Amino acid sequence: MIRVHAGDARQMEAVADACVHLVVTSPPYPMIPQWDALFARLGATSFQEMHDVLGEVWAQCARVLVPGGLIAINIGDALRTVDGTFALWPNHAEVLLRVRALGLTALPYLLWKKPMNRPNAFLGSGFLPPNAYVTLDCEPILLFRKGSLRRLARNDPARTRSRFSRAERDRWFSQVWADVRAERQGPEGRRSAAFPPEIPRRLIRMFSVEGETVLDPFAGTGTTLWTAAALGREAIGFEVDALRAEELRRRAEEWTPRGAPPHGAGPPR
Ligand SMILES: C[S@@+](CC[C@H](N)C(=O)[O-])C[C@H]1O[C@@H](n2cnc3c(N)ncnc32)[C@H](O)[C@@H]1O
């Protein structure tokens, strides 16, 4: 079942304490111009204020997680010139520190290295030192746990059904994921910043068991929600953009686990 909440995930009263097993999400990235207007509507214009908005959502995620539940956050850093100075805006570091400050345990994280169309693209000019910049072609996927390890019965049937293969384990649990292509984005103004279904698919299989509940507080096009449902998990999503939320609700109503995923993501791989 997929439950869609149209509204701001900072207000998550509709979700009870300690009922979510896994959060898989990708928030709007602070200091990326695409999200300036949305953050401004939520009362945030500076790097710190934008992270204050996200921080309220992380606090809600911590509240609704079961003890031992995990949060996976895909967040890229931003590059931007402010007051004439070009700089890195370290979103992943800010999120790491803020979620730790909520009392969650930071775990070894993943680096999604997006295969580039132009692998040699770089910022700078020519071949002369010292003023060129390193290309940001990795996005961290940060991992956190609430409290101590979850203990499931050794022969729990849902857990047994949820096992991954040796090849999957070797690929998924190594730090760099270089084999997942980014989603093609729509034209400017209609860009969804959706991640490819393979990202939530791996995370959900790595960190949850069939029948458990997966939350995405920044649902967007619903990639996490459709993927979770296709994998036999319960899904909960929040989306503040009214049009997107309505579209999610309509598709969630159409959803049947054995049917094709309604956003055209294709069957689970
Ligand atoms: C990066 S996109 C998520 C994309 C998603 N992973 C997908 O695959 O489609 C972030 C989404 O979060 C939504 N959003 C931003 N702030 C929010 C908030 N406070 N509460 C709920 N949704 C929010 C935005 O409208 C946007 O659709």
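Scroll up for the structure.
The written sequence of each chain sets the order in which its residues are numbered from 1. With pLDDT at 70 or above as the cut-off, local features in this predicted model cover only qualifying residues; side-chain atom pairs require 80 or more to be listed or tallied, and sums for whole chains, interfaces and linings still use all residues. Side-chain metrics in this entry use all non-hydrogen atoms of the structure; hydrogen atoms and water are not considered.

A.B. asks: Requested: an account of the overall build of the protein chain, with residues and values cited.
C.D. replies: A run of H or I in DSSP becomes a helix once it reaches four residues, and a run of E becomes a strand once it reaches two; helices and strands are each numbered from the N terminus. Along the protein chain, the regular secondary structure elements total 8 helices and 10 strands. In this analysis, two residues are considered to be in contact whenever any of their non-hydrogen atoms come within 4.5 Å of each other. Taking the contacts inside the protein chain whose residues are at least 6 apart along the sequence as the reference set, 73% of them involve residues at least 24 apart. Here the accessible surface of atoms and residues is derived via Shrake-Rupley with a 1.4 Å probe, and residues count as covered only by protein chains that are part of the display. Carbon together with sulfur atoms contributes 53% to the accessible area of the protein chain, which is approximately 14,300 Å² in total.

A.B. asks: Please give an account of the sheet that holds strand 6 (residues 105-113) that cites residues and values.
C.D. replies: Across the sheet, which stays open at both edges, the 8 strands sit in the order 1-10-9-2-3-7-6-8 with mixed pairing between neighbours. Two strands bound the open sheet, and with one partner strand each, they are strand 1 (2-6) and strand 8 (176-177). Pairing between strand 1 and strand 10 (residues 234-239): 5 bridges, direction parallel. Within strand 10, the residue paired with Val4 across the bridge is Gly237. To get an axis, a line is fitted to the C-alpha atoms, and for a helix only the part in contact is used. The angle between two axes follows their N-to-C directions and goes from 0 to 180 degrees. Packed onto the sheet, helix 3 (residues 91-101) meets strand 3 (65-74), strand 6 and strand 7 (138-145) and runs at close to 5° relative to strand 7. When DSSP finds two or more bridges between two strands, those strands count as paired.

A.B. asks: If you had to explain the packing of helix 6 (residues 198-207) against helix 7 (residues 223-230) to someone new, which residues and values would you point to?
C.D. replies: Contact pair helix 6 / helix 7: the axes reach a minimum separation of 9 Å and the direction vectors enclose 50°. When the axes of helix 6 and helix 7 are compared, the pair comes out oblique. The crossing of helix 6 and helix 7 is right-handed. Contact residues: Pro200, Arg201 and Ile204 in helix 6; Thr223, Thr224, Thr227 and Ala228 in helix 7. When residues are sorted by character, Ala, Val, Leu, Ile, Met, Phe, Trp, Tyr, Cys and Pro go into the nonpolar class, Asp, Glu, Lys and Arg into the charged class, and all the rest, Gly among them, into the polar class. Residues of the contact of helix 6 with helix 7, tallied by class, amount to 3 nonpolar, 3 polar and 1 charged. Our angle categories are set so that under 35 degrees counts as roughly parallel, over 145 as roughly antiparallel, 65 to 115 as roughly perpendicular, and the remainder as oblique. By the definition used in this description, the sense in which the near helix is turned from the far one sets the handedness, with an anticlockwise turn below a right angle giving left-handed and a clockwise turn giving right-handed.

A.B. asks: Before we move on, could you go through helix 3 and cite the residues and values that matter?
C.D. replies: Looking only at helix 3, the buried set comprises Asn91, His92, Glu94, Val95, Leu96 and Val99. Buried residues along helix 3 sit against helix 2 (47-64), strand 3, strand 4 (78-82), strand 5 (85-89), strand 6 and strand 7. Positioned one or two residues after helix 3, Gly103 has a phi angle of 100°, which is positive. Exposure classes here rest on a 1.4 Å probe applied to the protein chains alone. A residue is buried below 20% of its type maximum, exposed above 50%, and partly exposed in between.

A.B. asks: Describe the pairing of strand 6, listing the residues and the values that go with them.
C.D. replies: For strand 6 and strand 7, the ladder comprises 7 bridges, and the chain directions are antiparallel. Residue Thr105 lies in a different strand from strand 7, and its bridge partner there is Arg145. The sheet contact formed by strand 6 and strand 8 spans 2 bridges and is parallel. By the bridge assignment for strand 8, Trp112 is matched with Trp177.

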